[in-house]
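Descriptive structure summary
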Amino acid sequence: MPSHISTPSFSFVYVPTTRVAAISQETMTLHHSKHHNTYVTNLNAGLEKLDAAMSANDVSAIIGLQGALKFNGTWAIRDIRLK
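Below you will find a few notes about this structure. If you're wondering where the values come from, they're calculated on a predicted model, not measured in any experiment.

**Examining the nonpolar core**
Ranked by size, the top nonpolar core spans 5 residues in total: Leu 43, Leu 47, Leu 50, Leu 65 and Leu 69. If you list the elements that add at least two residues to this core, you get helix H1 (25-55) and helix H2 (59-81). Considering every element that reaches this core, the biggest residue donor is H1, with 3 residues. Other than its neighbours up to four places away in sequence, Leu 65 contacts Gly 46, Lys 49 and Leu 50.

Structural data, given as structure tokens:
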């Protein structure tokens, strides 16, 4: 299991298409640096807790982390794929 996920380097160049015509470069930069980074930060925190729970053989904690890992992991990946 990866010990740390990082926000990929992102250099957004605004190229109007039908999909992003209403989204400015400033909006995309803000989204990537703040919003998307929150998912990555929370995913890393969850993975650290998961490692600790697995080391302690704490099944309840492992099960309890599933929702946060699924949510933050899904949105971190989804945001990367949309760029």
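**Considering the side chain of Asn 72**
Secondary-structure assignment places Asn 72 in helix H2. Residue class for Asn 72 comes out buried when judged on its relative accessible area of 8%. Reaching out from Asn 72, the side chain makes a polar contact with the backbone oxygen of Ala 68 at a distance of 3.0 Å. The residues contacting Asn 72, other than those within four sequence positions of it, are Tyr 39, Asn 42 and Leu 43.

The rules behind these values
Residues numbered from 1 in each chain as written. Predicted model: local features only at pLDDT ≥ 70, side-chain atom pairs only at ≥ 80, totals over all residues. Heavy atoms only, no water. Core = buried A, V, L, I, M, F, W, Y, C linked by side-chain atoms within 4.5 Å. Buried < 20%, exposed > 50% of the residue type's maximum accessible area, 1.4 Å probe, protein only. Helix = DSSP H or I, 4+ residues; strand = E, 2+ residues; numbered from the N terminus. Contact = heavy atoms within 4.5 Å. Polar contact = N/O pair within 3.5 Å; in protein donor to acceptor, adjacent residues only side chain to side chain.

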